[in-house]
Amino acid sequence: MKKKLLMVALMSAAMGLASCGQQTASSPEGSHASVSETAGQSVESKESSAPTEASSEVHVHLWGVPTYTWSEDYTECTATVVCELDPSHVITETVAATISSQQPASCNEEGSMSLVANFDNDVFGTYAEDIALPMVPHTLTDFDYKWNYEHTECTAKAYCTVCDDGVEETVTAKGVSDASSAPIKALSMRASFETVGFADQTFDLNIGGSLTDDEDSYIVSSYPDKLVPPTMFIPSSVDDLPVTEIAMSAFYQGGVIEVRIPASVITIGDEAFAYCEHLETIVFGGTKAQWGAITKGNRWSYATDIWEISCSDGILYTEDGIEADWTTDFPTINIGSDEWQVQNEYYVMGILGEIESDKYGNCHLRMRDGSSIYLYGIRSADNALLYQDIPESQRPKKGDVAVFYGEIAYFQTTLQMKNARVMQLNGTVLGTIPQE
Ligand SMILES: [Zn+2]
Ligand SMILES: [Zn+2]
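Model, not experiment: these values are computed from the prediction.

For the chain, the helix and strand inventory stands at three helices and 30 strands. The buried share among the 436 residues of the chain stands at 32%. Within the chain, counting contacts between residues at least 6 apart in sequence, those at least 24 apart form 51% of the total.

Quick look at the structure:
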């Protein structure tokens, strides 16, 4: 509250010389009187020293500037002044305050109150001050609360029936845990408003979290009783601790389509989103470099349909940071479409999810959409492409944008290729099936 000083009473008197009492040179005692009649009842003073030749000295107070303090309810005023020559000389006096005029506050304008305090002690005199009275709360109706898409902010709106003003407040929401659930706690976003009348808002995230062993950050996971929502928002903090990890198998086989991962996350556990077959988009709160620095577990996105990872400084198409050039001239055929089944020779372009060896040693590629491609051959076949035969440096890596070219065979439910090549869009051949 702003206090406007109207008048500091008797400044000149306060700064002036006031007699230290009734002492005179004839007084046989020490140099300091312990009580001053003019200063009132509150004066304290140093012990008198033994009489010396200074016994004829008279201490004359040099009062500083008084300070005035109103009681919390403004019914009293206390004045204090300290002697500049000896800070142990202090006078205080408390008197009742009177209100000389008053303008009540409303819900859209501050009020004011003029207070006066008349002190007995001349050092203090009369003190007056204007006090601003804070606005009183609106009388609100027609409440409306809206979250932003990311559920990091909430805006409250209402109308005041007294002043007819619209009232609006937007606050940053905080991730909080339900302490009553354990060991995995239900997580939600909570928005708390300063405006009197707006109620706290809570958005249930439908995911869970648990403290790390060090209890200095949170690991998120699914919550036992709740279905993972199609659009999942992971908070950047829970109970003021950062969210740093997505647990192993956290959302395995979940129905999520889009997930928002905050920049605070530095670890994604094994199979965290594996078999989330509808998962298409990750929106990451940090930069592409930060995304690349995240420790990602085995098969964290296995058999998902992720095609876009949106970072604060651009879009990545794969978790390894390859920005695919989709404008190349390679013909594409959707794996699984009727088109490829009738052709004997064709191209397939896609992003590799996994490359591994099956139990026969055949090279088995899994596409990001979950489709499988065996590079045709078994150990006994002449034209087999065995995983072990591909030099380490040439093996397709997870996240590579690959083009497959070759003859197609369809074996049970998997696509098999022979006389095939796997290459990156820039033409680098990643692997070939040996010619017969
Ligand atoms: Zn003094
Ligand atoms: Zn109002």
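After presenting the structure, the write-up continues.
In this section: the pairing of strand 9 (residues 140-147). Pairing between strand 9 and strand 10 (residues 153-160): six bridges, direction antiparallel. Following the sheet pairing, K146 is matched in strand 10 by T155.

The next subject is the nonpolar core. By size, the foremost hydrophobic cluster in this structure holds 48 residues, and its most contacted members are I207, V220, I234, F251 and A272. Broken down by element, this core gets its largest block of residues, four residues, from strand 13 (residues 185-191). Look past the residues within four positions of V220 in its chain and what remains in contact with it is I207, G208, G209, I234, V243, I246, A247 and A250. Residues C77, A79, A117 and F124 belong to the second largest nonpolar core, which totals 14 residues.

The share of residues in the chain with pLDDT of 70 or more is 60%, and the mean pLDDT across the chain is 75. Scored below 50 in pLDDT, residues 318-347 makes 50 contacts in the model with residues more than four places away or belonging to other chains.

Within the open sheet, the three strands sit side by side as 9-10-11. Their pairing is antiparallel. Looking at the sheet topology across the chains shown, the edges are occupied by strand 9 and strand 11 (166-172). Put simply, the sheet's adjacent strands are angled 15 degrees from each other on average, direction ignored. Across seven bridges, strand 10 lies against strand 11 in antiparallel orientation. When the sheet's bridge partners are listed, E153 is paired in strand 11 with T172.

Locating E76 in the fold gives a position in strand 5 (residues 76-82). Judged by local crowding, E76 falls into the partly exposed class, with 14 C-beta atoms found within 10 Å. E76 sits 18 residues away from T94 along the chain, and the two C-alpha atoms are 6.7 Å apart. Ignoring anything within four residues of it in the chain, the contact list for E76 reads S71, T94, V95, A96 and A97.

The next thing to look at is unusual backbone geometry. At Y74, a position not held by glycine, the phi torsion is positive, near 60 degrees. Of note, Y74 is situated in the loop between strand 4 (67-70) and strand 5. Unlike most non-glycine residues, D164 shows phi in positive territory, near 70 degrees. On the secondary structure map, D164 appears in the loop between strand 10 and strand 11.

Tracing the chain through its elements places V162 in the loop between strand 10 and strand 11. For the pair V162 and L140, spaced 22 residues apart in sequence, the C-alpha separation works out to 8.4 Å. Contacts of V162, omitting those with residues within four sequence positions, involve C107, H138 and T139.

Turning to the environment of S210, a few remarks are in order. By the secondary structure assignment, S210 is in strand 14 (residues 201-211). Separated by 11 residues in the primary sequence, S210 and S221 place their C-alpha atoms 8.1 Å from one another. When sequence neighbours within four positions are dropped, the list of residues in contact with S210 reads P183, I184, K185 and I219.

Cut-offs and rules
Residues numbered from 1 in each chain as written. Chains lettered and ligands numbered in written order. Predicted model: local features only at pLDDT ≥ 70, side-chain atom pairs only at ≥ 80, totals over all residues. Helix = DSSP H or I, 4+ residues; strand = E, 2+ residues; numbered from the N terminus. Buried ≥ 20, exposed ≤ 12 C-beta atoms within 10 Å, placed from the backbone. Contact = placed C-beta atoms within 7 Å. Pairing = 2+ DSSP bridges. Core = buried A, V, L, I, M, F, W, Y, C linked by C-beta atoms within 7 Å. pLDDT = per-residue confidence, 0-100. Axes fitted to C-alpha atoms, helices over the stretch in contact; angles between N-to-C directions.

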